[in-house]
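Structural overview for review
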4 protein chains.
Amino acid sequence: MKSKMGIKVSKLDEEKSRKDSGFGTAATSTRARLILPDGTFNVTRKGQSFSAWLNLYHRMITMNVFSFVLVIALSYFLVNLVFAVIYYLIGVEHLNGIEEQTKFISKFWGAFFFSSQTLTTVGYGHISPLGSLTNAVAAVEALIGLMMFALITGLVYGRFSTPSPKVLFSGNILVSPYLDINGLMFRLINERNSQLINVEVNVMMSRNEKDEEGKLTRKYYNLALERDMIQFFSTSWTVVHPITPESPFYNETSESLKASDTEILIAVEGMNDAYADPVHVRTSYLYNEFLWGKKFVPVLSEKGTGYVLDLKKINECVEAPLNN
Amino acid sequence: MKSKMGIKVSKLDEEKSRKDSGFGTAATSTRARLILPDGTFNVTRKGQSFSAWLNLYHRMITMNVFSFVLVIALSYFLVNLVFAVIYYLIGVEHLNGIEEQTKFISKFWGAFFFSSQTLTTVGYGHISPLGSLTNAVAAVEALIGLMMFALITGLVYGRFSTPSPKVLFSGNILVSPYLDINGLMFRLINERNSQLINVEVNVMMSRNEKDEEGKLTRKYYNLALERDMIQFFSTSWTVVHPITPESPFYNETSESLKASDTEILIAVEGMNDAYADPVHVRTSYLYNEFLWGKKFVPVLSEKGTGYVLDLKKINECVEAPLNN
Amino acid sequence: MKSKMGIKVSKLDEEKSRKDSGFGTAATSTRARLILPDGTFNVTRKGQSFSAWLNLYHRMITMNVFSFVLVIALSYFLVNLVFAVIYYLIGVEHLNGIEEQTKFISKFWGAFFFSSQTLTTVGYGHISPLGSLTNAVAAVEALIGLMMFALITGLVYGRFSTPSPKVLFSGNILVSPYLDINGLMFRLINERNSQLINVEVNVMMSRNEKDEEGKLTRKYYNLALERDMIQFFSTSWTVVHPITPESPFYNETSESLKASDTEILIAVEGMNDAYADPVHVRTSYLYNEFLWGKKFVPVLSEKGTGYVLDLKKINECVEAPLNN
Amino acid sequence: MKSKMGIKVSKLDEEKSRKDSGFGTAATSTRARLILPDGTFNVTRKGQSFSAWLNLYHRMITMNVFSFVLVIALSYFLVNLVFAVIYYLIGVEHLNGIEEQTKFISKFWGAFFFSSQTLTTVGYGHISPLGSLTNAVAAVEALIGLMMFALITGLVYGRFSTPSPKVLFSGNILVSPYLDINGLMFRLINERNSQLINVEVNVMMSRNEKDEEGKLTRKYYNLALERDMIQFFSTSWTVVHPITPESPFYNETSESLKASDTEILIAVEGMNDAYADPVHVRTSYLYNEFLWGKKFVPVLSEKGTGYVLDLKKINECVEAPLNN
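Note that residues are indexed from 1 along each chain, following the sequence as it is written. To label them, take the chains in the order written and letter them from A, then take the ligands in the order written and number them from 1. Reporting in this predicted model follows two pLDDT cut-offs: at least 70 for local features of residues, and 80 or more for side-chain atom pairs to be given and counted; totals over whole chains, interfaces and linings ignore these cut-offs and use all residues. Working from all heavy atoms in the structure, the side-chain values ignore hydrogens and water.

**Here's the deal with the overall build of chain A**
A tally of helices and strands in chain A yields 8 helices and 17 strands. Each residue is placed in one exposure class: buried if its accessible area under a 1.4 Å probe, protein chains only, is under 20% of its type's maximum, exposed if it is over 50%, and partly exposed if it falls in between. The proportion of buried residues among the 324 residues of chain A is 60%. Any two residues whose heavy atoms approach within 4.5 Å at even a single point are treated as in contact. Considering only contacts in chain A between residues 6 or more positions apart, those separated by 24 or more positions represent 67%. Summed over its atoms, the accessible surface of chain A is roughly 13,200 Å², and 61% of this surface lies on carbon and sulfur atoms. Here a strand is any run of E in DSSP of at least two residues, a helix any run of H or I of at least four, and the numbering for each starts at the N terminus. Here the open area of atoms and residues is found with the Shrake-Rupley method and a 1.4 Å probe, where only the protein chains shown may cover a residue.

**Section: the relation of the copies chain B and chain A**
Here the copies are superposed with least squares, the fitted atoms being C-alpha atoms of residues at a pLDDT of at least 70 in both. In screw terms, the move from chain B to chain A is a rotation of 90° and a rise of 0.1 Å along the axis, fitting with an RMSD of 0.1 Å. The transformation relating the two chain copies, once decomposed into turn and shift, fits a four-fold axis. Comparing contact sets, just 10% of the residues at the interface of chain B also lie at the interface in chain A, consistent with a heterologous contact between different surfaces.

**Here's the deal with the sheet that holds strand β16 (residues 306–310) of chain A**
Strand pairs in the sheet, formed through backbone hydrogen bonds, run parallel or antiparallel to each other. Two strands qualify as a pair provided that DSSP identifies no fewer than 2 bridges between them. Spatially, the 3 strands line up as an open sheet ordered β15(A)-β16(A)-β1(D), and their pairing is mixed. Here the strands that pair on one side only, and so sit at the sheet edges, are β15 (300–303) of chain A together with β1 (43–46) of chain D. Each strand of the sheet is rotated relative to its neighbour by a mean of 30°, with strand direction disregarded. Alignment of β15 of chain A against β16 of chain A, held across 4 bridges, turns out to be antiparallel. Bridge pairing links S301 of chain A to V308 of chain A in β16 of chain A. Think of each axis as a best-fit line through the C-alpha atoms, taken over the contacting stretch in the case of a helix, with angles from 0 to 180 degrees between the N-to-C directions.

**Observations concerning the domain arrangement of chain A**
You'll often see interface size given as the accessible area lost when the parts meet. Those domain boundaries reflect an automatic or database domain assignment. Taken domain by domain, chain A comprises domain 1 (26–42 + 165–319) and domain 2 (63–161). Taking only C-alpha atoms, the centre of domain 1 of chain A and the centre of domain 2 of chain A are 52 Å apart.

**Topic: the nonpolar core**
In summary, soluble globular proteins display a tendency toward joint burial of nonpolar side chains. Counting residues in each nonpolar core, the largest one holds 136 residues, and the members touching the most others are Y87 and L95 of chain A, Y87 and L95 of chain C together with Y87 and L95 of chain D. For Y87 of chain D, the residues in contact, after removing those within four places along its chain, are V92, L95, A111, F114, S115, T134, V137, A138 and E141 of chain D. Definition used in this section: a nonpolar core is a set of buried Ala, Val, Leu, Ile, Met, Phe, Trp, Tyr and Cys residues joined via side-chain atoms within 4.5 Å.

**Side note on the interface of chain D and chain C**
The partner chain C presents 83 residues to the 67 residues of chain D that form the contact. Buried area adds together the accessible area that both of two parts lose upon being put together, with accessible area traced by a 1.4 Å probe. Carbon and sulfur atoms make up 60% of the area that chain D and chain C hide from each other, which totals about 6,600 Å². Salt bridge criterion: a side-chain nitrogen from Lys or Arg within 4 Å of a carboxyl oxygen from Asp or Glu. Inspection of the region where chain D meets chain C yields 0 salt bridges. The term polar contact refers here to a pair of N or O atoms within 3.5 Å; inside protein, the definition further demands a hydrogen-donor-capable atom paired with an acceptor-capable atom, and it admits residues adjacent in sequence only when both atoms are side-chain atoms. If you look at where chain D meets chain C, you find 6 residue pairs in polar contact (both at pLDDT 80 or more). It is helix α7 (residues 132–161) of chain D that contributes the most residues to the side of chain D that touches chain C, 6 residues altogether. Note on residue classes: Ala, Val, Leu, Ile, Met, Phe, Trp, Tyr, Cys and Pro are nonpolar, Asp, Glu, Lys and Arg are charged, and everything else, Gly too, is polar. Its residues assigned to classes, the side of chain D that touches chain C comprises 33 nonpolar, 22 polar and 12 charged. As judged from the 4 bridges shared by strand β1 (residues 43–46) of chain C and strand β16 (residues 306–310) of chain D, these two strands associate in the parallel manner. The residue bridging K46 of chain C from the neighbouring strand is D310 of chain D, located in β16 of chain D.

**Brief notes about a nonpolar patch on the surface**
All names here are of chain A. Residues L74, F77, L78 and W109 make up a contiguous nonpolar surface patch of roughly 390 Å² in combined accessible area. Considering every element that reaches the nonpolar patch, the biggest residue donor is helix α4 (residues 65–90), with 3 residues. Counting through the fold element by element, W109 comes out in helix α6 (residues 107–119). The exposure class of W109 is partly exposed, given its relative accessible area of 35%. Note on patches: the residues involved have over 30% relative accessible area and no salt bridge, like charges join within 9 Å, and the nonpolar side chains Val, Leu, Ile, Met, Phe, Trp and Tyr join within 5 Å.

**So, helix α4 (residues 65–90) of chain D**
In an α-helix, one turn spans 3.6 residues; hence positions three or four apart end up facing the same way. With 26 residues, α4 of chain D should reach 38 Å at 1.5 Å per residue; the first-to-last C-alpha distance of 38 Å fits that figure. Of all the positions in α4 of chain D, only F68, I72, Y76, V79, N80, F83, A84, Y87 and I90 of chain D are classed as buried. Residues of α4 of chain D that are buried make contact with α7 (132–161) of chain C together with α3 (56–62), β2 (95–96), α6 (107–119) and α7 of chain D. For α4 of chain D, the N-terminal cap is N64 of chain D; the gap from its side-chain oxygen to the backbone nitrogen of F66 of chain D is 2.9 Å. Positive phi shows up at G91 of chain D, right after α4 of chain D, with a value of about 115°. Multiplying 1.5 Å by the helix residue count minus one yields the expected span of that helix.

**Focus on the packing of helix α7 (residues 132–161) of chain B against helix α4 (residues 65–90) of chain C**
At a minimum axis distance of 11 Å, the contact between α7 of chain B and α4 of chain C shows a crossing angle of 130°. Relative to α4 of chain C, α7 of chain B is oriented oblique. α4 of chain C is crossed by α7 of chain B, and the crossing has right-handed handedness. Residues A139, L143 and M147 of chain B of α7 of chain B pack against V69, I72, A73 and Y76 of chain C of α4 of chain C. When grouped by side-chain class, the residues that make up the contact of α7 of chain B with α4 of chain C number 7 nonpolar, no polar and no charged. Each angle gets one of four labels, with under 35 degrees taken as roughly parallel, over 145 as roughly antiparallel, 65 to 115 as roughly perpendicular, and the rest as oblique. Two helices crossing with the near one rotated counterclockwise from the far one by less than a right angle form a left-handed crossing, whereas a clockwise rotation gives a right-handed crossing.

**Considerations on the UniProt feature "transmembrane region" (unreviewed entry) in chain A**
All names here are of chain A. UniProt positions are given in the numbering used here, feature names are shortened, and annotations may be inferred rather than shown by experiment. As recorded in UniProt, the feature "transmembrane region" (unreviewed entry) lies at residues 65–90 and 136–157. Between the C-alpha atoms that bound residues 65–90 there is a distance of 38 Å. The span itself is 100% helix and 0% strand. Helix makes up 100% of residues 136–157 and strand 0%. Its end C-alpha atoms lie 32 Å apart.

What follows is the structure in structure tokens.
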């Protein structure tokens, strides 16, 4: 029993010590990266409920501003179209003053523009509803207009308040000399003028390994960092993983990385203190995005009584012979 | 004294070591589950203050969208009704241009529609207020309209910004072979495409036990997990409680679970990084929701250069003889 | 030096060990409580900047709903008054159609109601601006109207989204028998149906003590709790400080509490998971709010397949002889 | 190898022990302070993308209220101007009722005011669109008006909900006698009546040092505090760094501070419990903002049954001979 216990525990501990990115061990494809460069996960969902698939609010919040305006303009047009049809069917003779218009435009478009004036609550009144039915429809349309507008307002603010940190990552991850050993290095810059603070970085290495039965499974390792938190992310930050003998990266080569389909997963957390919003960004580097024997050149310089940060230089690096 | 002290301390420590779900030890019913499947607590309140019972904002935020629209439409109708009565009592002769309308509809409905045009601030003007009283009422109604609309806007945004994670839990909790022992397993999936990160799971076991005096009291135990946190909740997560001899679940059987009215309480915390919102979901499994000697089948597969997650498979499991 | 060092360190450690509520040691009044029953601090500020004193947004958010509506209605009236004067001074002959009105009301009130129709953007149009000056003023007023309304909308949502947990505290703090010793006990209930989770309680004891020079200084002590965190605050929670010989409360009597002007400061933190809002509430118990030799009666009972929480019983307690 | 390893580790540990403010070691200017008194970083960015440079939302949120209103008023004027031109080009004969106006003002301004009435959805209707083109433009303008207003509403609420704590810092940092040693002291006051709780302070010392190669590099040290967190920041807080022999500040003099261009970096975190918003403020003290041999006078006094906090006294201090 004791021995059995011993085995149990050991196996369990080994299992527990294993890092998990949330992709599990099944993801052993040698083609599929886990995290796309834009920080989203390389996963598509099947069998979602319609509402979950649609996820309208999420889409409206995250789509670019042009599509956003387009969607709104389109809905505006369609709703007016629908009501135009309704007014037309009820009979435009119930739209007082439309004769004036119909010298220039068709009855239908007269109804359409009356609808737009009602939906937006402009209500010039040179066209006005007559009779209970038309009045009732107009009363409903005005309410719909207000609710549509409440929606737009909510969406607009939602888009505002969604944090968009714009953290820039260097395009490559470098293997550079570091102190008297070597280090794995990449750097990030806060492109915005807003202040990010209490920024933490977590770096994970993910690669395929053969388990005892020779089955290919994907393993995850945390890479210890020289520094994994800074209080003020005011300029640029070069994140360094010192390649000590304890590092899972020790003895890796360009070839071994490719063979094991290595991917470096990076998660950055911080706080945007302008709006007191937590900020999370992710990225990853694939084996083919490593540069060996190079080091970054500084991006920060002094000018007058202040400092200048040159974002254009984020990828700039120079040859640097590695320690061995 | 010393010994007394000793007893004290020991008793105190035991007391302290006891987990508390917040239901306390009184909840020993063998019929009542503590947490309903939808994650709400199985508790009703008596003697609340009216405002606390009404809790209007909370209700408006959490009710489904149809009821929400209905409530607004109804209030709109009622407010118009009230003001219609007022205008009617003041005298519709103070509504300039209503004669035009009253060829088609009654004076009262004329007043009603004028009210709706004022409340929504459409103000066509083919009906307009005459005299100080009617003008004053109209001025007040327009303000009320704006404030009602401010309320609607706030509620709409409140509904948007309330996080709705849509985390799916497997319908059953499984007792499955795990390494060379057995494990208690359930799994969860993020149905939405939005990203949940830094997800933590806390699993508690709650059952009735006889204390030294043989009195039935409800006890709570934390169940240690193979892994209680993952950084990226991008796919599915099978949460595992290894049934070691230390586990309070060790030696449990289907019968013993029923006898002690066992319930597994699950709390999940995470962060929705699209809106930087914390997310909390809960669920629970009753003794009759256990499956013995089964294990889950994978839900994640590879396709082309990405991964596919099949939500429909969340409950799928196959026979798996338990270790003993 | 060594010894000096020793003294230093010891003094320093003692200093460090001292808890500080933020009131400092100066607050030795025997009349003034530190925290008012409603949880606000018993402090008034002198020499604030006007904006800080006004703190308009904060006031508008925290005032009761009646005052809130009143302030808005008043501002509405005043703004209309101002513009009425302006239109009047420009000359009401520039308000086309006002003659119609002035059969019933004075020119001034005609201008006033035109203003209200412009500010709310109702714009019936039976009165309309003529000439550049009046038109310009009207154009400005309409914009002001929209901005005022944006403000109102913001304030309304601000009031919504400000968490109002409605946590009820027992009116008294009890010294009750606890296990085989005694305990200091008070209880709290979540009056709302919304769920509070991960609730933490921090209890501090504050009393006047004579320092070595016999000077009266206010000291603060943390009171260790049987349990200082619960995961689900679904029902009621009786917070217990076990009065062990280590407790600063050990050997206290009703008289000694009065003599040292003892106040128990309580801070509760949690998360309202309906809106994922952090929640903070505070209260305090003065020496005259202690009950000796009593214990609370349960507030939770079972009914059918659920539990019933009777808020009215929160203060109910019965005689209970203390252990000694 | 062992020795090599030894060196590595030691160097690495030393490196790790080094605090980093996020400015890195390059910032060795003897003129440039790292943090400006208002808490912003003394850094300008080069090569930002236009959108990142513009960062419109951020600017609109953080600019003062006068500029904010000005920007809105200006945009309002410009948009009206644009549409006035469009209506004018289409032909004002399509603006029904403008003749009435043009007795007083030019056709162009007539179009301008019609535009303003459309954009704000006032829509008096004494001027109204005729023909499809003018009607279409008006329909579009009304929608634009609503969206502009949605933007304004979002911005206004954004400005509200952005936490503005107004924490006052003493103008100088004092070297004062503290217990039987000396201490580095500054103090802060919450100017607002709102309550800040769970306030944490982090103090860093940054100075230039020559490394082994005699190269000037900027080093950062955390300064240990007598107390680095208070639960209730209700009054004033004097933050104290005890100058023990372990302190990097030990043996510093006014001259040595100037020579090494010392700057004390201060970061304060807390929670504004009125809105449950996290709050972050920063400041820094340069070598020339130190006062030696002085101590603060109390700002808190008792009055009746409460306490009075005199903000004006925040900088008041008196001579106090230092311990040595």
